[in-house]
Structures are given as structure tokens and as C-alpha cells.
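So the chains spell out like this:
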There are 2 protein chains.
Amino acid sequence: MKLQPIGHVESPLTDRSAAPKQADEGAPEALLVFAPEYARAMRELREGQDVLVLTWLDRADRSVLAVHPRSDPARPETGVFSTRSPDRPNPIGLHHVRITAVDGLKLRVAHLEAVDGTPIVDVKPVLGAER
Amino acid sequence: MKLQPIGHVESPLTDRSAAPKQADEGAPEALLVFAPEYARAMRELREGQDVLVLTWLDRADRSVLAVHPRSDPARPETGVFSTRSPDRPNPIGLHHVRITAVDGLKLRVAHLEAVDGTPIVDVKPVLGAER
């Protein structure tokens, strides 16, 4: 059960603590840069499509089982399977993004909350959109 | 980038070739059975909730980069990042399910297309449903 990076995120976000918690909270544009060996797998991805991007949140704490949502101590501690906390046993990030440009092995996407250098592990159609 | 199984699927589906390709195509009820060390992480999961379940599709062929969608040779070969093919570089399954019962470390879910024994790697709120 070993993931292989298929690419990485290029983003102006470099500090996890400064990153927005959700894509719709001011997350910046980012580039998804794929390794050349995956060119065939991405060939039908197009500008204007919505896709799911799976990342490996390599700065996460995998021992965490419960968190205060949004790091707000006033909120009751909640099991991580009911939150989007990056700190969790298997820190896979799931991001719904819109492709705004395709340039060879690079996809430009709007509003991604992952930090610079985050490994990409998969891209999938949004659920229900593809058969 | 090593995943640890947090539980596994118990399902009447035992044969990948006989499994439905999508949850809404006759996929049966299934049990998600978690390892005891993750009890705290699942504590707020409740009957009636919709969640995303991430699995490791351990019978997948990771060398596949393009497929004929729905295994239909009449359909043009398509890069796997534009399909839900289990055969892909990192075979993470993503399943939107409804929890129909909670019993300790077991969650019963409606309509899961993963086969018996599939490792579970994460559970997340559906996108947009949780802050």
C-alpha cells in the first residue's frame, strides 16, 4: 500500500499554518505539474473541467485521531473521520478544482488550498460526472 | 507515502469482474469494519450521514494509464485520470456512501461497489458538507 507521487503542486502557499482551510476561503491559483511518464493518463483533461485531485499531505501528523474543528478550541473535539483535518491516519487530501488551463504536463487550477510541493497521487472525475 | 489500513470492507461481492462499476448499478449493502485503534476517529459518525470512503483497490493493475471506459472496446481509449477505472498508478477508491447503521466498530453502508476484503484507508465528510 505504497503511493507513488505522480506530480506535485506549485503554489504561492508555502506555510501550512497560513493556508486557507477550504478552497473557497481565498485559496490561490496553483499549478499541478505531472511527471512525464503520466502524460497518457492526463491526455483527456481539458480547460473548464472540474476534477478531483488527490494529494499526499506530507506535513500532516498521522497520530491525530480527533481535533477541534477549524482549530477552534471552543468547538468540541471531533473524530477526524468527521472532519477535513489534514492530521489523520492516512493524510490523503481531496480537492475539487476547476482546470483553467492545460499546458503539456501542467494544469492550472483555480483555488487550491494545498501548499507548495505537496505530492499529487491521483486525478479523478467528480463523482457522478463520469460513467 | 505508505498507507496503513484502518479497516476493511465486508461485502457479498467477491469477484472484481462481477462487481458493478458504479455504486448506483446494483451494488449491495456492505459493512465497513474498523480496527479498534481508530474508534476515537469514527466516534461522531452517525446513521443517516453521507460520507466519502477511501479504499485501497488492492487488486488493481498500477501500470495502466489508459482504458476503454466501462471495458467497452467500442469506446475510445481514455487516460485513467478522466475515468474511475480501478487500474491506475495509485489505486485509491473513492466511494460516496450513506451510513445506514452504526454498531461499535462497524458501519453498515448502502450500495458499495468495492469487493470483500478491500482495505479502507480514510473516511471524510462529503465535499462542501463540513467546515
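Residues numbered from 1 in each chain as written. Chains lettered and ligands numbered in written order. Predicted model: local features only at pLDDT ≥ 70, side-chain atom pairs only at ≥ 80, totals over all residues. Heavy atoms only, no water.

Colleague: For the pattern of salt bridges, give the residues involved together with the corresponding values.
Modeller: Side-chain pairs of opposite charge can arise whenever the charged atoms involved come near each other. Residue and element names in this part refer to chain A. As enumerated under the stated definition, the model contains 16 salt bridges over all chains in all. Arg84 is the salt-bridge partner of Glu113, the closest N and O atoms lying 3.4 Å from each other. In this pair, Glu113 sits in the loop between β7 (106-110) and β8 (119-125) while Arg84 sits in the loop between β5 (78-79) and β6 (92-103), placing the two residues 29 residues apart along the sequence. For Arg84, a relative accessible area of 24% puts it in the partly exposed group. Each of Arg40, Arg43 and Glu44 takes part in one network of salt bridges that share partners. (Salt bridge = Lys/Arg side-chain N within 4 Å of Asp/Glu carboxyl O. Helix = DSSP H or I, 4+ residues; strand = E, 2+ residues; numbered from the N terminus. Buried < 20%, exposed > 50% of the residue type's maximum accessible area, 1.4 Å probe, protein only.)

Colleague: Go over the pairing of strand β3 (residues 50-56) of chain A with me, naming the residues and quoting the values.
Modeller: All names here are of chain A. Counting buried positions over the seven residues of β3 gives six, a clear majority of the element. Strand direction decides the pairing type here: β3 and β6, joined by seven bridges, are antiparallel. For Trp56, the partnering residue across the bridge sits in β6 and is Ile92. Of the strand pairs in this sheet, β3 and β8 are connected by five bridges, and their pairing is antiparallel. Of the residues in β8, the one forming a bridge with Val51 is Pro125. (Pairing = 2+ DSSP bridges.)

Colleague: Requested: an account of the sheet that holds strand β8 (residues 119-125) of chain B, with residues and values cited.
Modeller: The strand order β1-β2-β7-β6-β3-β8 (chain B) describes a closed barrel built from six strands, whose pairing is antiparallel. Strand-to-strand twist across the sheet, computed as the mean angle between neighbouring axes with direction ignored, equals 45°. (Axes fitted to C-alpha atoms, helices over the stretch in contact; angles between N-to-C directions.)

Colleague: Please provide a residue-by-residue account of the interface of chain B and chain A, values included.
Modeller: In this complex, chain B contributes 49 residues to the contact, which on the side of chain A involves 49 residues. Here chain B packs against chain A, burying approximately 4,800 Å² in sum over the two surfaces, 59% of which is carbon and sulfur. There are two salt bridges connecting chain B and chain A. A salt bridge links B:Asp122 to A:Arg88; its shortest N-O distance comes to 2.9 Å. Here the side of chain B that touches chain A takes six residues from β8(B), the largest share from any one element. For the side of chain B that touches chain A, the per-class residue count stands at 25 nonpolar, eight polar and 16 charged. (Contact = heavy atoms within 4.5 Å. Buried area = accessible area lost by both parts, 1.4 Å probe. Nonpolar A, V, L, I, M, F, W, Y, C, P; charged D, E, K, R; others polar.)

Colleague: Help me get a handle on the nonpolar core, residues and values and all.
Modeller: Soluble globular proteins tend to pack their nonpolar side chains together in the buried interior. In this structure, A:Phe81, B:Leu32, B:Phe34, B:Leu45 and B:Leu112 are the most contacted members of the largest nonpolar core, which totals 24 residues. Only β2 (30-34), β3 (50-56), β6 (92-103), β7 (106-110) and β8 of chain B provide two or more residues apiece to this core. Ranked by residue count, the leading element in this core is β2(B), at three residues. Apart from the residues within four sequence positions on either side, B:Leu45 is in contact with A:Phe81, A:Ser82, B:Val51, B:Ile99, B:Val102, B:Leu107 and B:Val123. In this structure, A:Val9, A:Ala41, A:Met42 and A:Ile120 belong to the second largest nonpolar core, which totals 23 residues. (Core = buried A, V, L, I, M, F, W, Y, C linked by side-chain atoms within 4.5 Å.)

Colleague: Describe the environment of A:Arg98, and please don't skip the residues or the numbers.
Modeller: Residue and element names in this part refer to chain A. By the element assignment, Arg98 lies in strand β6. When the C-alpha positions of Arg98 and Thr14 are compared, they lie 21 Å apart, and in sequence the two are 84 residues distant. At a separation of 2.6 Å, a polar atom in the side chain of Arg98 contacts the side chain of Asp50. (Polar contact = N/O pair within 3.5 Å; in protein donor to acceptor, adjacent residues only side chain to side chain.)

Colleague: So what's going on with unusual backbone geometry? Which residues, and what values?
Modeller: All names here are of chain B. Although it is not a glycine, Ser71 sits at a positive phi angle of roughly 55°. Looking at the secondary structure, you find Ser71 in the loop between β4 (66-67) and β5 (78-79). The phi dihedral of His111 falls on the positive side, at around 60°, and the residue is not glycine. Structurally, the position occupied by His111 is in the loop between β7 and β8.

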